[in-house]
Amino acid sequence: MRRRRSGLSTRAIHGDVGPRTVAQPVAAPIYQSSTFVSPFGPTDEVLYTRYGNNPNQRRLASRLAHLEGAQAAIFLASGMGATALAHLAVLQPGDHLLSSEWIYGGTRRLFAEEFARLGIETSFVNPDRQRQWRIKLRKNTRAIFVETPTNPVMRVLDLGWLGALAKAEGVALLVDSTFASPINFRPLEHGADIVIHSVTKYLNGHSDVIAGAVAASAAFVEEIRSRMKVWGQALDPHCAWLIERGLKTLAVRVARHNETGLRVASWLETQPKVRRVHYPGLPSHPDHALAARTLNGFGGMVGVELAGGPRAARRCLKALRLITHAPSLGGVESLVSEPRFTSHAGLTPQQRAAAGIPDGFLRFSLGLEDADDLIADLARGLAAA
Ligand SMILES: Cc1ncc(COP(=O)(O)O)c(C=O)c1O
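Predicted model, so just to flag it, every value in this text is computed and none were measured. (Residues numbered from 1 in each chain as written. Predicted model: local features only at pLDDT ≥ 70, side-chain atom pairs only at ≥ 80, totals over all residues. Heavy atoms only, no water.)

K.L.:
Go over the site of the ligand with me, naming the residues and quoting the values.
P.N.:
Taken together, 13 residues lie around the ligand, and Gly79, Met80, Asp176, Ser198 and Thr200 are the ones closest in. Between the ligand and the protein, one listed contact pairs an oxygen atom with a backbone N or O atom of Gly79 at 2.9 Å. Within the side chain of Thr200, one N or O atom sits 2.6 Å away from an oxygen atom of the ligand. Considered on its own, the ligand offers 400 Å² of accessible surface; in the complex 91% of this is hidden by protein. Here the ligand occupies the second largest pocket. (Near = heavy atom within 4 Å. Polar contact = N/O pair within 3.5 Å; in protein donor to acceptor, adjacent residues only side chain to side chain. Areas by Shrake-Rupley, 256 points an atom, 1.4 Å probe, with all protein chains shown as cover. 1 Å grid on protein atoms, 1.4 Å probe; cavity = no way out; pocket = protein on both sides within 12 Å on 5 of 7 lines; lining within 4 Å. Sits in = over half its atoms within 2 Å of the grid points.)

K.L.:
Can you tell me about the pattern of salt bridges, naming the residues and giving the values?
P.N.:
Taken as a whole, this structure holds 18 salt bridges when the rule is applied. Where Glu45 meets Arg58, a salt bridge forms, and the shortest distance between an N and an O atom there is 2.7 Å. Here Arg58 lies in helix H2 (residues 55-68) and Glu45 lies in the loop between helix H1 (8-14) and H2, a separation of 13 residues in the sequence. Assessed through its relative accessible area of 36%, Glu45 is described here as partly exposed. The shortest N-O distance in the salt bridge between Arg186 and Glu189 comes to 2.9 Å. By relative accessible area, which is 14% here, Arg186 ends up buried. Taken together, the shared-partner salt bridges connect Arg314, Glu338, Arg340 and Asp359 into one network. (Salt bridge = Lys/Arg side-chain N within 4 Å of Asp/Glu carboxyl O. Helix = DSSP H or I, 4+ residues; strand = E, 2+ residues; numbered from the N terminus. Buried < 20%, exposed > 50% of the residue type's maximum accessible area, 1.4 Å probe, protein only.)

K.L.:
Before we move on, can you summarise the nonpolar core with the specific residues and values?
P.N.:
Counting residues in hydrophobic clusters, the biggest one holds 52 residues, and the most contacted among them are Ile144, Leu268, Val302, Leu306 and Phe364. Split by domain, this core shows at least three residues from each of two domains, domain 1 (8-14 + 29-37 + 44-247) and domain 2 (250-384). In contact with Leu268, other than residues within four places in its own chain, are Val274, Val277, Val302, Val304, Leu378 and Leu382. (Core = buried A, V, L, I, M, F, W, Y, C linked by side-chain atoms within 4.5 Å. Domains from an automatic or database assignment. Contact = heavy atoms within 4.5 Å.)

K.L.:
How would you sum up the packing of helix H3 (residues 79-88) against helix H8 (residues 218-231)? Please name residues and give values.
P.N.:
The interhelical angle for the contact between H3 and H8, taken along N-to-C directions, is 115°, at an axis separation of 9 Å. Our pair here, H3 against H8, has a crossing hand that is right-handed. Between H3 and H8, the contacting residues are Leu85, Ala86 and Leu88 on the first element and Phe220, Ile224, Arg227, Met228 and Trp231 on the second. Tallied by class, residues from the contact of H3 with H8 come to seven nonpolar, no polar and one charged. (Axes fitted to C-alpha atoms, helices over the stretch in contact; angles between N-to-C directions. Left-handed = near helix turned anticlockwise from the far one by under 90°. Nonpolar A, V, L, I, M, F, W, Y, C, P; charged D, E, K, R; others polar.)

K.L.:
Explain the sheet that holds strand E2 (residues 96-100) to me, and be specific about the residues and the numbers.
P.N.:
Read from one edge of the open sheet, seven strands run E1-E7-E6-E5-E4-E2-E3, paired in mixed fashion. Edge positions in the sheet fall to strand E1 (72-76) and strand E3 (121-125), since each has one partner strand and no second. When the angles between neighbouring strand axes are averaged without regard to direction, this sheet yields 20°. Bridge count for E1 against strand E7 (residues 212-216) is five bridges, and the pairing is antiparallel. Paired with Ala72 across the two strands is Ala216, which belongs to E7. The sheet contacts of H3 involve E1, E2, strand E4 (141-147), strand E5 (172-176), strand E6 (194-198) and E7, and relative to E6 the element is tilted by about 160°. Here H8 sits on the sheet and contacts E1, E6 and E7; the angle it forms with E1, its principal contact strand, is near 25°. (Pairing = 2+ DSSP bridges.)

K.L.:
Explain the layout of surface pockets residue by residue, including any values.
P.N.:
Vacant regions in the atomic arrangement are exposed by a probe of water-molecule size rolled over the atoms. If you add up the space inside the largest pocket, you get close to 590 Å³. Looking at the lining of the largest pocket, the elements that each hand over two or more residues are H1 and H2. Sort the elements by how many residues they give to the lining of the largest pocket and H2 lands first, with four residues. Space inside the second largest pocket adds up to approximately 400 Å³. In terms of lining residues, the second largest pocket is bounded by 24 residues, among which Met80, Tyr104, Ser198, Lys201 and Leu329 are the most central. Breaking the lining of the second largest pocket down by element, the ones donating at least two residues are H3 and E6. Across the lining of the second largest pocket, the residue classes break down as seven nonpolar, 13 polar and four charged. Built from parts of two domains, the lining of the second largest pocket gets at least three residues from each of domain 1 (8-14 + 29-37 + 44-247) and domain 2 (250-384). (Points joined across faces, edges and corners; volume = space filled by probe spheres on them.)

Take a look at the structure:
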(Lines give C-alpha, C1' and ligand atoms only; values in the text may rest on other atoms or scores of the structure.)
Protein backbone atom coordinates (compact mmCIF):
# COMPACT_ATOMS: atom_id res chain seq x y z
CA MET A 1 0.00 0.00 0.00
CA ARG A 2 1.28 3.49 -0.85
CA ARG A 3 2.15 5.51 2.22
CA ARG A 4 -0.37 8.31 2.84
CA ARG A 5 1.21 11.77 2.93
CA SER A 6 0.42 13.58 6.20
CA GLY A 7 -1.13 17.04 6.23
CA LEU A 8 0.86 20.20 6.89
CA SER A 9 -0.13 20.52 10.57
CA THR A 10 0.96 16.93 11.22
CA ARG A 11 4.21 17.46 9.34
CA ALA A 12 4.90 20.66 11.31
CA ILE A 13 4.35 18.85 14.61
CA HIS A 14 5.93 15.45 13.95
CA GLY A 15 8.04 15.59 10.78
CA ASP A 16 8.62 11.96 9.96
CA VAL A 17 6.62 9.86 12.43
CA GLY A 18 8.97 7.09 13.59
CA PRO A 19 8.60 4.27 16.12
CA ARG A 20 8.30 5.39 19.77
CA THR A 21 10.03 3.91 22.76
CA VAL A 22 8.85 3.87 26.37
CA ALA A 23 10.11 6.86 28.39
CA GLN A 24 11.19 8.73 25.28
CA PRO A 25 10.57 12.45 25.91
CA VAL A 26 7.61 13.83 23.97
CA ALA A 27 9.30 17.22 23.61
CA ALA A 28 12.86 16.94 22.32
CA PRO A 29 15.63 17.75 24.81
CA ILE A 30 18.08 20.53 24.03
CA TYR A 31 21.51 19.19 23.13
CA GLN A 32 23.34 22.28 24.33
CA SER A 33 26.69 20.82 23.42
CA SER A 34 29.23 22.17 20.98
CA THR A 35 30.76 18.76 20.39
CA PHE A 36 30.03 15.01 20.64
CA VAL A 37 32.13 11.98 21.51
CA SER A 38 33.92 10.61 18.43
CA PRO A 39 35.11 7.08 17.67
CA PHE A 40 38.91 6.59 17.48
CA GLY A 41 40.36 6.78 13.99
CA PRO A 42 38.62 7.88 10.81
CA THR A 43 34.87 8.52 10.99
CA ASP A 44 32.16 9.16 8.41
CA GLU A 45 31.07 12.31 10.12
CA VAL A 46 32.54 14.42 12.89
CA LEU A 47 29.70 15.63 15.11
CA TYR A 48 30.23 19.30 15.90
CA THR A 49 27.52 21.93 16.23
CA ARG A 50 29.18 24.34 13.76
CA TYR A 51 28.83 21.58 11.15
CA GLY A 52 25.03 21.66 11.44
CA ASN A 53 24.72 18.07 12.68
CA ASN A 54 23.68 18.67 16.29
CA PRO A 55 20.45 16.63 16.95
CA ASN A 56 18.37 19.80 17.43
CA GLN A 57 19.59 21.20 14.10
CA ARG A 58 18.89 17.87 12.39
CA ARG A 59 15.35 17.57 13.75
CA LEU A 60 14.51 21.02 12.46
CA ALA A 61 16.04 20.42 9.04
CA SER A 62 13.99 17.29 8.49
CA ARG A 63 10.85 19.09 9.69
CA LEU A 64 11.24 21.90 7.13
CA ALA A 65 12.14 19.50 4.32
CA HIS A 66 8.83 17.71 5.00
CA LEU A 67 6.90 20.96 5.00
CA GLU A 68 8.42 22.29 1.77
CA GLY A 69 8.37 18.92 0.00
CA ALA A 70 12.17 19.10 -0.37
CA GLN A 71 14.77 16.32 -0.20
CA ALA A 72 16.68 18.23 2.48
CA ALA A 73 16.94 21.48 4.41
CA ILE A 74 19.44 23.33 6.56
CA PHE A 75 19.03 26.02 9.21
CA LEU A 76 21.43 28.93 9.63
CA ALA A 77 21.95 31.70 12.14
CA SER A 78 19.93 34.34 10.20
CA GLY A 79 17.81 34.83 7.11
CA MET A 80 20.64 36.89 5.60
CA GLY A 81 23.06 34.03 6.33
CA ALA A 82 20.71 31.68 4.48
CA THR A 83 20.36 34.03 1.49
CA ALA A 84 24.11 34.61 1.29
CA LEU A 85 25.13 30.95 1.48
CA ALA A 86 22.38 29.70 -0.83
CA HIS A 87 23.67 32.06 -3.51
CA LEU A 88 27.33 31.39 -2.83
CA ALA A 89 26.63 27.69 -3.29
CA VAL A 90 25.48 28.47 -6.86
CA LEU A 91 27.53 31.50 -7.91
CA GLN A 92 31.27 31.93 -8.49
CA PRO A 93 33.34 35.03 -9.31
CA GLY A 94 32.56 35.97 -12.91
CA ASP A 95 28.96 34.71 -12.71
CA HIS A 96 25.87 36.83 -13.17
CA LEU A 97 22.75 36.90 -11.00
CA LEU A 98 19.35 38.05 -12.21
CA SER A 99 17.31 39.37 -9.32
CA SER A 100 13.83 40.77 -8.91
CA GLU A 101 13.82 44.46 -7.99
CA TRP A 102 11.11 43.82 -5.36
CA ILE A 103 13.24 42.38 -2.57
CA TYR A 104 14.18 43.01 1.05
CA GLY A 105 16.64 45.94 1.32
CA GLY A 106 19.30 43.86 3.10
CA THR A 107 19.24 41.31 0.28
CA ARG A 108 19.59 44.07 -2.29
CA ARG A 109 22.67 45.38 -0.46
CA LEU A 110 24.16 41.89 -0.27
CA PHE A 111 23.84 41.51 -4.05
CA ALA A 112 24.75 45.06 -5.11
CA GLU A 113 27.65 45.63 -2.70
CA GLU A 114 29.02 42.38 -1.25
CA PHE A 115 28.56 40.11 -4.28
CA ALA A 116 29.95 42.88 -6.51
CA ARG A 117 33.13 42.83 -4.37
CA LEU A 118 33.40 39.08 -5.00
CA GLY A 119 33.12 39.58 -8.77
CA ILE A 120 29.50 38.42 -8.99
CA GLU A 121 27.41 40.92 -10.93
CA THR A 122 23.67 41.36 -10.35
CA SER A 123 21.05 42.82 -12.72
CA PHE A 124 17.73 43.86 -11.23
CA VAL A 125 14.48 43.28 -13.07
CA ASN A 126 11.06 44.83 -12.51
CA PRO A 127 8.91 41.68 -12.48
CA ASP A 128 6.01 43.62 -13.98
CA ARG A 129 8.03 43.76 -17.21
CA GLN A 130 8.09 40.04 -17.87
CA ARG A 131 10.15 40.31 -21.08
CA GLN A 132 13.01 41.89 -19.11
CA TRP A 133 13.89 38.56 -17.50
CA ARG A 134 14.73 37.12 -20.88
CA ILE A 135 16.35 40.31 -22.19
CA LYS A 136 18.70 40.63 -19.20
CA LEU A 137 19.79 36.97 -19.22
CA ARG A 138 23.48 36.58 -20.11
CA LYS A 139 25.70 33.68 -21.08
CA ASN A 140 27.18 33.74 -17.57
CA THR A 141 23.81 34.00 -15.73
CA ARG A 142 23.74 31.16 -13.20
CA ALA A 143 20.78 32.04 -10.98
CA ILE A 144 17.48 33.91 -10.77
CA PHE A 145 16.31 35.22 -7.40
CA VAL A 146 12.84 36.42 -6.43
CA GLU A 147 10.83 37.07 -3.30
CA THR A 148 7.12 36.21 -3.26
CA PRO A 149 4.90 37.60 -1.81
CA THR A 150 7.08 40.69 -1.86
CA ASN A 151 8.08 42.96 0.97
CA PRO A 152 6.20 45.29 1.59
CA VAL A 153 3.65 45.66 -1.25
CA MET A 154 2.70 41.98 -1.26
CA ARG A 155 3.02 41.44 -4.99
CA VAL A 156 2.69 37.76 -5.92
CA LEU A 157 4.92 36.39 -8.67
CA ASP A 158 4.08 33.74 -11.26
CA LEU A 159 6.72 31.11 -10.52
CA GLY A 160 5.39 28.71 -13.16
CA TRP A 161 6.56 31.04 -15.91
CA LEU A 162 9.88 31.91 -14.22
CA GLY A 163 10.56 28.26 -13.35
CA ALA A 164 10.10 27.26 -17.00
CA LEU A 165 12.48 30.03 -18.11
CA ALA A 166 15.11 29.01 -15.51
CA LYS A 167 14.86 25.37 -16.57
CA ALA A 168 15.12 26.18 -20.29
CA GLU A 169 18.22 28.34 -19.63
CA GLY A 170 19.80 25.88 -17.18
CA VAL A 171 19.94 28.38 -14.31
CA ALA A 172 18.82 27.88 -10.70
CA LEU A 173 15.64 29.57 -9.45
CA LEU A 174 15.97 30.70 -5.81
CA VAL A 175 12.86 31.93 -4.00
CA ASP A 176 12.64 33.78 -0.69
CA SER A 177 9.30 32.50 0.62
CA THR A 178 9.48 34.16 4.05
CA PHE A 179 6.16 36.02 3.73
CA ALA A 180 4.17 32.92 2.71
CA SER A 181 5.63 30.17 4.91
CA PRO A 182 5.11 26.63 3.59
CA ILE A 183 1.53 26.74 4.86
CA ASN A 184 0.48 29.33 2.28
CA PHE A 185 2.87 28.50 -0.57
CA ARG A 186 5.50 25.90 -1.39
CA PRO A 187 7.75 27.24 -4.19
CA LEU A 188 9.27 23.84 -5.07
CA GLU A 189 5.81 22.71 -6.23
CA HIS A 190 5.79 25.65 -8.66
CA GLY A 191 9.15 25.24 -10.39
CA ALA A 192 11.66 26.71 -7.88
CA ASP A 193 14.91 24.84 -7.18
CA ILE A 194 15.79 26.42 -3.84
CA VAL A 195 13.60 27.92 -1.09
CA ILE A 196 14.97 30.45 1.39
CA HIS A 197 13.34 31.60 4.65
CA SER A 198 14.00 34.18 7.26
CA VAL A 199 12.98 31.81 10.07
CA THR A 200 13.00 34.87 12.33
CA LYS A 201 9.50 35.55 10.94
CA TYR A 202 6.59 33.09 10.57
CA LEU A 203 8.46 29.78 10.96
CA ASN A 204 9.54 30.66 14.49
CA GLY A 205 6.65 33.06 14.98
CA HIS A 206 7.41 34.44 18.43
CA SER A 207 9.81 37.35 17.80
CA ASP A 208 12.46 35.76 20.00
CA VAL A 209 14.94 34.17 17.58
CA ILE A 210 17.05 35.22 14.58
CA ALA A 211 17.47 32.37 12.10
CA GLY A 212 17.28 31.38 8.45
CA ALA A 213 16.79 28.21 6.42
CA VAL A 214 17.20 26.76 2.93
CA ALA A 215 15.26 23.79 1.51
CA ALA A 216 16.36 22.14 -1.74
CA SER A 217 17.86 18.94 -3.16
CA ALA A 218 20.09 16.89 -0.85
CA ALA A 219 23.13 17.66 -3.02
CA PHE A 220 22.52 21.39 -2.89
CA VAL A 221 21.98 21.40 0.87
CA GLU A 222 25.31 19.58 1.25
CA GLU A 223 26.96 22.34 -0.82
CA ILE A 224 25.60 24.88 1.67
CA ARG A 225 26.62 22.78 4.65
CA SER A 226 30.19 22.52 3.44
CA ARG A 227 30.35 26.31 3.09
CA MET A 228 28.62 26.88 6.44
CA LYS A 229 31.34 24.81 8.13
CA VAL A 230 33.90 27.45 7.22
CA TRP A 231 31.82 30.63 6.92
CA GLY A 232 30.34 29.84 10.34
CA GLN A 233 26.59 30.56 10.31
CA ALA A 234 25.49 27.49 12.31
CA LEU A 235 22.37 27.79 14.46
CA ASP A 236 22.70 27.56 18.24
CA PRO A 237 20.94 24.42 19.66
CA HIS A 238 18.78 26.44 22.03
CA CYS A 239 17.57 28.57 19.09
CA ALA A 240 16.86 25.37 17.17
CA TRP A 241 14.80 24.08 20.09
CA LEU A 242 12.79 27.31 20.27
CA ILE A 243 12.15 27.15 16.52
CA GLU A 244 10.96 23.56 16.76
CA ARG A 245 8.52 24.67 19.43
CA GLY A 246 7.35 27.53 17.19
CA LEU A 247 7.02 25.28 14.14
CA LYS A 248 4.57 22.99 15.93
CA THR A 249 1.93 25.72 15.80
CA LEU A 250 2.84 27.09 12.36
CA ALA A 251 -0.26 25.81 10.58
CA VAL A 252 -2.77 27.13 13.14
CA ARG A 253 -0.91 30.42 13.47
CA VAL A 254 -0.83 31.02 9.73
CA ALA A 255 -4.53 30.09 9.39
CA ARG A 256 -5.31 32.79 11.96
CA HIS A 257 -2.96 35.32 10.29
CA ASN A 258 -4.81 34.66 7.02
CA GLU A 259 -8.20 35.20 8.64
CA THR A 260 -7.20 38.38 10.46
CA GLY A 261 -5.30 39.72 7.43
CA LEU A 262 -8.35 39.51 5.19
CA ARG A 263 -10.69 40.95 7.78
CA VAL A 264 -8.47 43.92 8.74
CA ALA A 265 -7.42 44.69 5.13
CA SER A 266 -11.10 44.70 4.04
CA TRP A 267 -11.96 47.06 6.89
CA LEU A 268 -9.03 49.37 6.14
CA GLU A 269 -10.14 49.65 2.53
CA THR A 270 -13.47 51.18 3.64
CA GLN A 271 -11.76 53.95 5.65
CA PRO A 272 -11.82 57.47 4.15
CA LYS A 273 -8.35 58.37 5.49
CA VAL A 274 -6.78 55.38 3.71
CA ARG A 275 -5.63 56.01 0.14
CA ARG A 276 -4.66 52.45 -0.70
CA VAL A 277 -4.40 49.02 0.93
CA HIS A 278 -1.90 46.46 -0.39
CA TYR A 279 -3.21 42.99 0.38
CA PRO A 280 -3.38 40.13 -2.16
CA GLY A 281 -6.68 38.92 -0.71
CA LEU A 282 -8.44 42.09 -1.89
CA PRO A 283 -9.87 42.20 -5.43
CA SER A 284 -8.21 45.67 -5.76
CA HIS A 285 -4.72 44.08 -5.51
CA PRO A 286 -2.98 43.74 -8.91
CA ASP A 287 -2.17 40.05 -8.28
CA HIS A 288 -5.42 39.02 -6.63
CA ALA A 289 -6.37 36.44 -9.27
CA LEU A 290 -2.89 34.83 -9.29
CA ALA A 291 -2.78 34.87 -5.47
CA ALA A 292 -6.23 33.24 -5.24
CA ARG A 293 -5.07 30.55 -7.68
CA THR A 294 -1.66 29.79 -6.18
CA LEU A 295 -1.69 30.61 -2.44
CA ASN A 296 -3.47 28.66 0.29
CA GLY A 297 -4.02 31.92 2.18
CA PHE A 298 -3.19 35.61 1.77
CA GLY A 299 -1.20 36.01 4.98
CA GLY A 300 -1.04 38.59 7.74
CA MET A 301 1.00 41.34 6.06
CA VAL A 302 -0.84 44.49 5.01
CA GLY A 303 0.62 47.62 3.39
CA VAL A 304 -1.23 50.91 3.87
CA GLU A 305 -0.90 54.33 2.21
CA LEU A 306 -2.70 57.09 4.06
CA ALA A 307 -4.43 59.96 2.25
CA GLY A 308 -2.49 62.43 4.44
CA GLY A 309 0.97 61.09 3.44
CA PRO A 310 4.01 60.87 5.76
CA ARG A 311 2.74 63.34 8.39
CA ALA A 312 -0.54 61.47 8.77
CA ALA A 313 1.44 58.22 8.99
CA ARG A 314 3.54 59.61 11.86
CA ARG A 315 0.41 60.79 13.73
CA CYS A 316 -1.22 57.41 13.21
CA LEU A 317 1.85 55.57 14.55
CA LYS A 318 1.94 57.74 17.68
CA ALA A 319 -1.74 57.03 18.44
CA LEU A 320 -1.50 53.23 18.18
CA ARG A 321 -1.43 51.45 21.55
CA LEU A 322 -1.72 47.76 20.78
CA ILE A 323 0.21 47.52 17.51
CA THR A 324 3.89 47.98 18.32
CA HIS A 325 6.19 50.17 16.24
CA ALA A 326 9.07 47.76 15.52
CA PRO A 327 10.76 46.20 12.50
CA SER A 328 10.34 42.51 11.59
CA LEU A 329 7.16 40.49 11.12
CA GLY A 330 5.47 37.13 11.42
CA GLY A 331 5.20 36.99 15.21
CA VAL A 332 2.18 36.51 17.47
CA GLU A 333 2.17 40.22 18.33
CA SER A 334 1.15 42.84 15.75
CA LEU A 335 3.90 45.15 14.55
CA VAL A 336 4.05 48.17 12.28
CA SER A 337 7.00 49.78 10.55
CA GLU A 338 7.79 52.37 7.91
CA PRO A 339 9.83 50.49 5.28
CA ARG A 340 11.68 53.68 4.30
CA PHE A 341 13.34 53.66 7.75
CA THR A 342 13.70 49.88 8.14
CA SER A 343 13.67 47.14 5.48
CA HIS A 344 14.15 49.57 2.57
CA ALA A 345 16.31 52.23 4.26
CA GLY A 346 19.23 51.39 1.96
CA LEU A 347 17.26 52.38 -1.16
CA THR A 348 17.10 55.90 -2.59
CA PRO A 349 13.63 57.58 -2.54
CA GLN A 350 13.56 57.01 -6.34
CA GLN A 351 14.30 53.30 -5.95
CA ARG A 352 11.60 53.06 -3.29
CA ALA A 353 9.09 54.90 -5.47
CA ALA A 354 9.92 52.49 -8.34
CA ALA A 355 9.18 49.62 -5.95
CA GLY A 356 5.79 51.17 -5.11
CA ILE A 357 6.73 52.38 -1.61
CA PRO A 358 5.96 56.10 -1.25
CA ASP A 359 7.07 57.98 1.88
CA GLY A 360 4.45 57.43 4.58
CA PHE A 361 3.83 53.81 3.57
CA LEU A 362 3.00 51.73 6.66
CA ARG A 363 3.66 48.00 6.77
CA PHE A 364 1.55 46.05 9.25
CA SER A 365 2.38 42.54 10.42
CA LEU A 366 -0.93 41.45 11.93
CA GLY A 367 -0.43 39.09 14.84
CA LEU A 368 -2.74 36.72 16.66
CA GLU A 369 -4.62 39.25 18.81
CA ASP A 370 -8.42 39.48 18.41
CA ALA A 371 -9.21 41.13 15.09
CA ASP A 372 -11.75 43.43 16.82
CA ASP A 373 -9.00 44.78 19.07
CA LEU A 374 -6.67 45.36 16.11
CA ILE A 375 -9.43 47.20 14.24
CA ALA A 376 -10.16 49.33 17.33
CA ASP A 377 -6.45 50.22 17.57
CA LEU A 378 -6.30 51.07 13.87
CA ALA A 379 -9.45 53.19 14.20
CA ARG A 380 -7.65 55.12 16.97
CA GLY A 381 -4.61 55.58 14.73
CA LEU A 382 -6.68 56.72 11.75
CA ALA A 383 -8.67 59.17 13.89
CA ALA A 384 -5.36 60.86 14.79
CA ALA A 385 -3.97 60.71 11.24
C1 LIG B 1 11.79 38.73 3.01
C2 LIG B 1 12.97 38.74 3.92
N3 LIG B 1 14.02 37.95 3.65
C4 LIG B 1 15.12 37.93 4.44
C5 LIG B 1 15.21 38.73 5.56
C6 LIG B 1 16.44 38.66 6.43
O7 LIG B 1 16.16 37.87 7.54
P8 LIG B 1 16.93 37.95 8.96
O9 LIG B 1 16.55 39.24 9.59
O10 LIG B 1 16.43 36.74 9.68
O11 LIG B 1 18.39 37.87 8.66
C12 LIG B 1 14.15 39.57 5.89
C13 LIG B 1 14.22 40.43 7.09
O14 LIG B 1 13.40 41.27 7.35
C15 LIG B 1 12.99 39.59 5.05
O16 LIG B 1 11.94 40.38 5.32
